[in-house]
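Results of the structural survey
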Amino acid sequence: MHIYIEDIGKYQGKDVIIKGWLFNKRSSGKIRFILVRDGTGIIQSVIAKGEVKDELFKIVDKITQESSVILTGTVRKDDRAPGGYEIIAKDIKVIQMAEDYPITPKEHSIEFLLPFRHLWLRSKKQNAIMRIRHEIIKACRDFLDNQGFINADTPILTPAAVEGTTTLFQVDYYDQNAYLSQSGQLYNEATAAALGKVYCFGPTFRAEKSKTRRHLTEFWMLEPEVAYIELDGIMDLAEDMTVYFVERILEKRKKELKILERDISKLEKIKKPFPRITYKQAVEIIRKKDKQLKYGDDFGAPHETILSDSFDNPILVHHYPAGIKAFYMKRDPNDESLSLSVDMIGPEGSGELIGGGQREDDYKTLLKRLKENNLPEKSYEWYLDLRKFGTCPHGGFGLGLERTIGWICGVKHVRETIPFPRMLDRVYP
RNA sequence: UGGGAUAUAGCUCAGUUGGCAGAGCAGGUGGCUGUUAACCACCGUGUCGCAGGUUCGAACCCUGCUAUCCCAGCCA
């Protein structure tokens, strides 16, 4: 019976079939140990001379790393085996003998590994990161779905910029130009007014000349948007969702965190309530360590790290000056210079994980903002309509998936948190 | 787009004052009946990033170029 290695514990004493690839092998006299991986785990198999056909024994000596194999044998509990179980081999069928696998069992540099990303994904740590990525996605979706959110995805091909055109990828769209979406937010506002509570989740594209450990040109963003919500409610949502997926990872993916040598105690400290501080208070905290920063400046990466080092939890920074936020942010009725915006700065220097806020919901004010930003009114006609036909206070946020995974996994650079990273100088493989 | 660094064996790196091109790992062969990144012995491997220059002599010094990595702005 074909089984997966992650389920091996259920088959003690039984004969099973494992379909996978050779991870590594060792030998000692008349006994051979092979490690087979199948994507769900790694299992050791023992091949002893005299207990199997001589022919099989010879094949084992020849199998190369990453050759595809089908292993048949009996499951046995044994403390000497990594993982606690091993398979006493009865038969091994080589589906294809791999030649000179480039990623040998030793340390490699990132320069070497990146062009082999298609193979690098087979390694233990990358496997663990991808499993955590999957779990975070699933947890966020479950969290939103349980609260009655509707997944209403927004287009990737869009007619115009959301916030300026310099950072957009342009594509030919029959006889006109289109752009790859850099946010689903504006469309989210339309679906929120149609469905109440919505989210979109998909790839977003930024043609920024960014070459930092927190940037990809193609990344995934989860964007919830809610009708009849105000800034405090948006912060509650961001906080609750974060606590939810952190708990889920600690519950279901401890094994993967261990493979990644992640300090779990840091994640166990994530508890409600998160500190909520105004932009002004944040500036004061940062200025204790960096006098260069002035009120009105946006935070750079080192500033975010100073902030995150001051707390165990993620920090919700709200009421940024309107000048450093997008045109659609609603202004604070008590102070027109401030926006009803919020960013969530992740712990341990993981950076801005969430950006969002309450949207401008007044037709005349929004029109004025468009003009101030020299945005083409015609392209935004449909967006303005949302303020003409039953406007209401509403808002939401965007969560950067790769940065979130980087934080949870304790991986510094976001390129390892997506199967195939797209960066300024890299679109292969 | 700036600032910093690197480029030597398949990989990770060392290479002293300018004087024969090195090690570990991976690979190959042999040995070992419970190995855990197994171990032991033996074996092979080079456009020293590219193009010039200085020098009796350059991996090393000088000039230019190319590529890559790190950090940052913009942002999620």
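Note: the structure precedes this text.
Throughout what follows, the structure given in this document is the object of discussion. (Residues numbered from 1 in each chain as written. Chains lettered and ligands numbered in written order. Predicted model: local features only at pLDDT ≥ 70, side-chain atom pairs only at ≥ 80, totals over all residues. Heavy atoms only, no water.)

**Observations regarding the overall build of chain A**
Across its full length, chain A carries 13 helices and 18 strands. Over its C-alpha atoms, taken along the principal directions, chain A stretches across nearly 85 × 55 × 40 Å. With 429 residues in all, chain A has 50% of them scored as buried. Put simply, 66% of the contacts in chain A that link residues at least 6 apart link residues at least 24 apart. Within the structure as shown, chain A displays about 21,000 Å² of accessible surface, and the carbon and sulfur contribution to it stands at 51%. (Helix = DSSP H or I, 4+ residues; strand = E, 2+ residues; numbered from the N terminus. Buried < 20%, exposed > 50% of the residue type's maximum accessible area, 1.4 Å probe, protein only. Contact = heavy atoms within 4.5 Å. Areas by Shrake-Rupley, 256 points an atom, 1.4 Å probe, with all protein chains shown as cover.)

**Points about the nonpolar core**
For soluble globular proteins, nonpolar side chains are generally found buried alongside one another. Counting 47 residues, the largest nonpolar core has I136, F245 and I408 as its most contacted members. The element best represented in this core is helix α6 (residues 231-252), accounting for eleven residues. Residue contacts for I136: discarding those within four places in its chain leaves F245, I249, L401, T404, I405 and I408. Counting 23 residues, the second largest nonpolar core, distinct from the first, contains V16, L22, V52 and V60. (Core = buried A, V, L, I, M, F, W, Y, C linked by side-chain atoms within 4.5 Å.)

**Side note on the protein's contact with RNA strand B**
Taken together, 52 residues lie around RNA strand B, and R26, S109, H215, R403 and R415 are the ones closest in. Counted by atom, the contact set of RNA strand B within 4 Å of the protein is 47% sugar and phosphate. Between RNA strand B and K30 there is a distance of 3.4 Å, counted from a sugar or linking oxygen to a backbone nitrogen or oxygen. Of the residues assigned to the surface near RNA strand B, the class counts are 15 nonpolar, 15 polar and 22 charged. (Near = heavy atom within 4 Å. Polar contact = N/O pair within 3.5 Å; in protein donor to acceptor, adjacent residues only side chain to side chain. Nonpolar A, V, L, I, M, F, W, Y, C, P; charged D, E, K, R; others polar.)

**Points about the sheet that holds strand β9 (residues 176-180)**
Pairing in this open sheet of three strands is antiparallel, and the strands run β7-β9-β8 from one edge to the other. A strand with exactly one partner marks an edge of an open sheet, and here the two such strands are β7 (157-158) and β8 (170-173). Looking at chain direction, β8 and β9 are connected through four bridges and run antiparallel. The partner of V171 across the bridge, within β9, is A178. (Pairing = 2+ DSSP bridges.)

**Topic: the sheet that holds strand β13 (residues 315-318)**
Spatial strand order, β6-β10-β11-β18-β17-β16-β13-β12: eight strands in an open sheet with mixed pairing. Only two strands of the sheet have a single neighbouring strand rather than two, namely β6 (150-151) and β12 (276-278). Here β13 pairs with strand β16 (residues 341-346) via four bridges, running antiparallel. Looking across to β16, one finds that L316 is bridged to M344. Lying over the sheet, helix α4 (residues 124-146) contacts β6, β10 (197-205) and β11 (218-227), oriented at roughly 155° with respect to β10. Contacts between helix α10 (residues 301-309) and the sheet are confined to β12, β13, β16 and β17 (351-358), with β16 contributing the most and set at about 75° to the helix. (Axes fitted to C-alpha atoms, helices over the stretch in contact; angles between N-to-C directions.)

**A short note on the packing of α6 against helix α13 (residues 401-409)**
The geometry of α6 relative to α13 is characterised by a closest axis approach of 12 Å and an angle of 45° between their N-to-C directions. One finds that α6 runs oblique with respect to α13. Our pair here, α6 against α13, has a crossing hand that is right-handed. On α13, the residues touching T242, F245, V246 and I249 of α6 are T404, W407 and I408. (Parallel < 35°, antiparallel > 145°, perpendicular 65-115°, else oblique. Left-handed = near helix turned anticlockwise from the far one by under 90°.)

**Topic: unusual backbone geometry**
Note the cis peptide between K272 and P273, where omega equals -5°. Positionally, P273 belongs in the loop between α8 (264-268) and β12. Here the residue pair Y428 and P429 is connected by a cis peptide bond, since its omega of 0° sits within 30 degrees of zero. Tracing the backbone through its elements, the reader meets P429 in the segment after α13. In this structure, Y174 is a non-glycine residue whose phi angle is positive, near 50°. With respect to the secondary-structure elements, Y174 resides in the loop between β8 and β9. Phi at E261 is positive, roughly 55°, even though this residue is not glycine. One can find E261 in the loop between α7 (254-259) and α8. Assessed through its relative accessible area of 64%, E261 is described here as exposed.

**Examining the packing of aromatic side chains**
Applying the stated criterion to the full structure yields 14 aromatic pairs. Here F299 and Y320 contribute two aromatic rings whose centre-to-centre distance is 5.8 Å and whose plane-to-plane angle is 55°, an arrangement assigned as tilted. Remark: Y320 occurs in the loop between β13 and β14 (331-332) and F299 occurs in the loop between α9 (279-287) and α10; sequence separation between them is 21 residues. On the basis of relative accessible area, F299 is assigned to the buried category, the value being 9%. For Y320, a relative accessible area of 0% puts it in the buried group. Ring centres 5.4 Å apart and planes at 75° place the aromatic pair F327 and Y328 in the edge-to-face group. Through pairs of rings, three or more aromatic residues link up here, namely Y187, F327, Y328, Y380, W382 and Y383. Above the plane of the ring of Y320 lies K325, whose end atom (NZ or CZ) is 4.4 Å from the centre. (Phe/Tyr/Trp six-rings, centres within 6.5 Å; stacked < 30°, edge-to-face > 60°. Lys NZ or Arg CZ within 6 Å of the ring centre and 35° of its normal.)

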